[in-house]
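Read off the chains here:
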Amino acid sequence: MLTLPQREKRQAWLLLAPMLLMMFLLTAWPLARTFWLSFTDAGLIGDGSAPNWVGSENFIYALTDPDFRAALWRTLYFTVVSVVIEGIIGVLVALLLNQPFWGRSALRVLVILPWALPTIVNATMWRLNFNPDYGSINALLSQLGLIDAYRSWLGDPASAINAVMFADIWKNYPLITLLVLAALQTIPEDLFEAARLDGASAFRRFRKITLPAIAAPLAVALVLRTIDAFKIFDIIYVMTRGGPLDSTKTVSFFVYQESFSYLRAGSGAAYAILMTLICALLIMIYMVMLVRQRRSGSSE
């Protein structure tokens with residue numbers, strides 16, 4: 001006969017079973033299937049025969065492919081620069097919106113607006129803004145005297161990746177702003193008043209009071225943005241299609257072309273597995289940094 005704790009534990013597992021089954025069907029099974037395909041020469045179009053087992057050949061080819069390495073470094077550049085800029089802008093805007101001033105509510109709505117836009121809409125809007133013939137970016141810079149002639153920002157390999165990055169930053173920094181702003185509003189004003197009475201400068205108040213309070217939500221926001229930025233695809237697909245001259249071809253776009261343009265599902269799965277492992281490594285790095293920050297904060 002089951003005791004009460006055992007009965008409750010069994011009932012809990014029964015309640016969790018549908019969710020666990022759904023998670024397996026939506027996550028574990030596709031991931032396992034992709035992992036298996038990465039060791040085969042499977043293609044999206046075939047004669048119906050089973051794919052051949054090629055072992056680690058796909059991974060060796062991926063790691064030695066100069067085009068994939070170039071796409072990886074390009075993706076890392078995009079991820080690091082965009083996330084750092086979004087973090088700085090997000091914190092600064094959150095600090096501004098946390099101050100009392102007239103029109104603060106309306107400004108908060110305007111700040112959230114870019115994040116609320118669908119990515120396809122945002123990408124299309126910025127593709128038009130960067131248009132070399134009638135784009136607003138060229139018109140503005142020309143009127144300010146910063147450029148002498150209209151430029152093809154998305155057609156120049158030297159500026160295309162930065163133009164896409166600008167559009168991505170404009171859309172996603174509000175997420176960091178919202179999370180940091182929510183954390184700022186939980187800080188008691190008495191702490192700042194006491195710090196002012198003790199003669200603490202604004203920078204010291206930020207370092208000792210504000211920063212520890214926003215560290216956890218800021219870390220969560222940066223982790224989420226790092227994952228999203230590393231697997232960026234949709235905005236690049238709409239704005240540049242990976243061009244010009246592959247200057248905006250990221251890892252996600254590389255996987256897309258390998259799998260659906262070249263119809264090589266096996267090697268495309270290998271590229272996808274490598275991309276997943278890199279995302280997991282980035283998350284682990286952030287988690288370690290967060291734990292160290294908490295330990296240093298508690299020791300102080």
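Check the entry above for the structure.
Quick summary incoming for the structure in this document. (Residues numbered from 1 in each chain as written. Predicted model: local features only at pLDDT ≥ 70, side-chain atom pairs only at ≥ 80, totals over all residues. Heavy atoms only, no water.)

1. Notes on the packing of helix 7 (residues 160–184) against helix 9 (residues 202–230)
As a packed pair, helix 7 and helix 9 sit with axes 9 Å apart at the nearest point and diverge in direction by 145 degrees. Of the two possible hands of crossing, helix 7 and helix 9 adopt the one that is right-handed. Two secondary-structure elements touch here, helix 7 through Asp168, Asn172, Leu175, Ile176, Leu179, Val180, Ala183 and Leu184 and helix 9 through Thr210, Ala213, Ile214, Pro217, Leu218, Ala221, Leu222 and Arg225. Residues that form the contact of helix 7 with helix 9 fall into these classes: twelve nonpolar, two polar and two charged. (Axes fitted to C-alpha atoms, helices over the stretch in contact; angles between N-to-C directions. Helix = DSSP H or I, 4+ residues; strand = E, 2+ residues; numbered from the N terminus. Left-handed = near helix turned anticlockwise from the far one by under 90°. Contact = heavy atoms within 4.5 Å. Nonpolar A, V, L, I, M, F, W, Y, C, P; charged D, E, K, R; others polar.)

2. Things to note about unusual backbone geometry
Residues Gly243 and Pro244 are joined by a peptide bond in cis, for which omega reads -5 degrees. Mapping Pro244 onto the fold places it in the loop between helix 10 (234–239) and helix 11 (251–261). Of note, the phi angle at Leu245 is positive, near 55 degrees, even though the residue is not glycine. Tracing the chain through its elements places Leu245 in the loop between helix 10 and helix 11.

3. A word on the packing of helix 4 (residues 104–116) against helix 7
Following both chains from N to C, one finds helix 4 and helix 7 inclined at 130 degrees, their axes separated by 6 Å at the closest point. Relative to helix 7, the element helix 4 lies oblique. The handedness of the crossing between helix 4 and helix 7 comes out as left-handed. Residue-level contacts link Arg108, Val111, Ile112, Pro114 and Trp115 of helix 4 to Trp170, Lys171, Asn172, Tyr173, Pro174, Leu175, Thr177, Leu178 and Leu181 of helix 7. Here the contact of helix 4 with helix 7 is composed, by residue class, of ten nonpolar, two polar and two charged. (Parallel < 35°, antiparallel > 145°, perpendicular 65-115°, else oblique.)

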